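Listed below, chain by chain, are the residues.
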Amino acid sequence: MSNFKFEYLGHAGWVIKNKDIKIVCDPWLNPEGTFFSSWYQFPRNDHIDLKSLVADVDALYISHSHNDHLDSWTLNHFDKNINVYIPKYEDPALKIILKRLGFSNVHQIDDYEDFYIGDIKLNIFKEEDHLDKDSCILLDDGQQKILNLNDCHLNPKIVKELAPVDVLMVQFSGASWWPCVYDYDVDKMKDISTRKKENNMRRAIEYSKWSQAKLSIPCAGPPVFLDEMFDFWDITRYENYSPFPLMREGVAHFEKNDINTNLINPGDIFSYNGETKFESRPLDENDIYDDYLTYLDSYKKDKLEITKKHLSRYKNGLEAASLLKKAFDSVIRRSRVYKHKLDYPINIEIVGEHRSNWLINFKENLFKEYKNEDFRYKFTFDCNYLAAILEQKFIDFDYYFLSLRFEASRNPDEFDDILFALMRNMDPLRLGVSEKIYIRKKSKNDFFEVESGGKKYKVHKYCPHLLVNLEDAHRLDNDGNIVCGIHGWKFDLETGVCPQSKTKKLKTMRVENEN
C-alpha cells in the first residue's frame, strides 16, 4: 500500500506527502491574484494555513514561469535554503527568477533523469518550443506513480511510456485570451469558444486514457476574473460556449467518459489506494457550485478594493511609447529570424492617460505614427500596463495577454505564432533561445506514414501551427484529415490545406505502389 497523501492548494497547487517527505508544487496563494489582478483562485483558497504550508518542506517544484505557478508573493514565505526542482529548459528565465527571489538550491532536472528525495523517485518532463514552455512531475514510491501534468501538454508518446499511473492531475479548462479580447461579434465569439472548450475537454480525456490513470483529477484552473469588465466571462461559466468551465463540469465530463474522478476543493486532504479517502474537506462544494453567482458576487466584493489598489501601482505610462521603441530597436538589432518573417504592418495603439498610436513593421525596420494605414494585427494597450511589461528584465507579453486587459484584431483572422513568439521573448537573452529552438524544429525534414481510406500518405512530422510532433500526437478523422492531438488543428491529407488557416499548410504526399 502506498503512503502518498495529497492536499490541494487550489488552481495547480499541491502538497504531496509520503511518510516524512513533503513536496510542494506550484503554490499560488497571492491575495492580489495575478496578471494585473485579473486572475483570482477558484474556488478561493485564502483559508489555507500559510505557516503550515511552508513548514518542514523537503522540496519545491515549479513547473514554469507563469505567475499562477511561479508566484513570488507565496514563494517569499518559504525557506530560501530548501531544494527547488525545475525542468532543464533552454530558456534560463525560470532559474534566474528563482535565484533572484533568494533560493540558493535550484536543481534543473532533465527529461528521464532520475532524482531521489528519500525513497521517492522524482522525474520532470518538459515541453519547450519557440512559443511555449511547461513541464510536469512524476513521483514514484515503488507502490504508486503520481503524474502531475498541471497545464503541460506533454508529448503523448512520453505519457504512454509512463503508464499506468495511479493519480493524474490534469488541466481541463482554458487559460487564453483568444477569442475573448478580439473584435468578434457575439455569435462568432461563442462559436470559437465552444470549439476551444471542446478541444480542451477532449485533450484532458485523452491524457487520462494515454496515462491509464486509475484516478484523474481535473485541476490547474480555471481562475475567476472578478473585475466587472470581465463579467461576461465570469457569469457564463455554465454555458456550453464558456472557454472557462468550472471544475464541477470537468468532473462531470470525466464521469461521462467513464473516467474515475473526484471533485477536489482547496484544503481537501486525501489519499488514494483503489478508492479516494478524505481526511479533511473544509469547503462545502454545494456552497460554491449550487449558487455559483452568489458565491462569485461575495468573492468579487471582497477583492474589489484589493484589485483597485493593486492596479493603482502602475503609473509609468508616460514612458510606454519610448519603452516600446526601445524594445523594437533591440529586436531589429538582435533578431536573426523573426524580424524577417514579420513582414507586415502591426498597429499598436496606446490608450489611457498618455495616448499614442504606432505602426510598426519589423522586416522593414519601420516604427512611425499611425495614419490609418492597413494592418494585419492591432493591439490596444493601456499605457501603464504596457510600460510595466516593457520595464522588466524578461519582456514577456504573456503576463499582459493573460490578463485580458487589452483589445486585439487581425486581418486576415489567422494566428501567427512568430509574432507571439517574439512578443513572449522580446528581451535579448530569451529571443535568441526562442529563435534557436524554432530553427532547429523548422529545419527538420522528417516524415512519417499514415493510412486513411485505404491510401498511404507521408506527412511532415511537425505541425505548422505550433510545431507539435504529429507522429506522436495525431488522430485521423472520417473526412480524410489528420488532426493535431494537442490543439485540434486539422489538415487535408491530400492537399495539406488547413481550414483554420490560409497560410498554414502541412507537407503531405500520397505514397504510390512501392513498385
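1. Examining the side chain of H465
(1) Moving on: Mapped onto the secondary structure, H465 falls in the loop between β21 (455–460) and β22 (474–476).
(2) Moving on: Assessed through its relative accessible area of 6%, H465 is described here as buried.
(3) Moving on: Those residues in contact with H465 that lie beyond four places of it in its chain are F415, D417, H487 and W489.

2. Here's the deal with the packing of helix α14 (residues 417–424) against helix α15 (residues 428–442)
(1) Moving on: Between α14 and α15, whose axes approach to 9 Å, the crossing angle comes to 150 degrees. In terms of orientation, α14 and α15 fall into the roughly antiparallel class. Between α14 and α15, the residues in contact are D417, I418, A421, L422 and R424 and R430, L431, S434 and Y438, respectively.
(2) Moving on: Across the contact of α14 with α15, the residue classes break down as five nonpolar, one polar and three charged.

3. Points about the environment of S322
(1) Moving on: Along the chain, S322 falls in helix α10 (residues 320–334).
(2) Moving on: Looking at S322, the relative accessible area reads 40%, which means it is partly exposed.
(3) Moving on: Considered as a pair, S322 and A387 are 65 residues apart in the sequence and their alpha carbons are 9.1 Å apart.
(4) Moving on: At 2.9 Å, the side chain of S322 forms a polar contact with the backbone oxygen of E319.

4. Section: the sheet that holds β21
(1) Moving on: Ordered by their spatial adjacency, three strands build an open sheet running β20-β21-β27, and the pairing between neighbours is antiparallel. The sheet is open, and its two edges are formed by β20 (447–452) and β27 (508–511), each paired on a single side. The sheet shows a mean angle of 30 degrees between the axes of neighbouring strands, direction not considered.
(2) Moving on: Bridge analysis of β20 against β21 gives six bridges, and the strand direction is antiparallel. Its bridge partner lying in β21, V450 is registered against Y457.

5. As for helix α9 (residues 292–311)
(1) Moving on: The terminal C-alpha atoms of α9, which comprises 20 residues, lie 26 Å apart, in line with the 28 Å expected from a rise of 1.5 Å per residue.
(2) Moving on: Largest kink in α9: about 45 degrees, centred on K303.
(3) Moving on: Structurally, α9 contributes buried residues whose contacts are with α6 (231–235), α8 (285–289) and α12 (383–390).

Thresholds, definitions, all that
Residues numbered from 1 in each chain as written. Predicted model: local features only at pLDDT ≥ 70, side-chain atom pairs only at ≥ 80, totals over all residues. Heavy atoms only, no water. Helix = DSSP H or I, 4+ residues; strand = E, 2+ residues; numbered from the N terminus. Buried < 20%, exposed > 50% of the residue type's maximum accessible area, 1.4 Å probe, protein only. Contact = heavy atoms within 4.5 Å. Axes fitted to C-alpha atoms, helices over the stretch in contact; angles between N-to-C directions. Parallel < 35°, antiparallel > 145°, perpendicular 65-115°, else oblique. Nonpolar A, V, L, I, M, F, W, Y, C, P; charged D, E, K, R; others polar. Polar contact = N/O pair within 3.5 Å; in protein donor to acceptor, adjacent residues only side chain to side chain. Pairing = 2+ DSSP bridges. Expected span 1.5 Å × (residues − 1). Bend = angle between axes of the 7 residues up to and from the residue.

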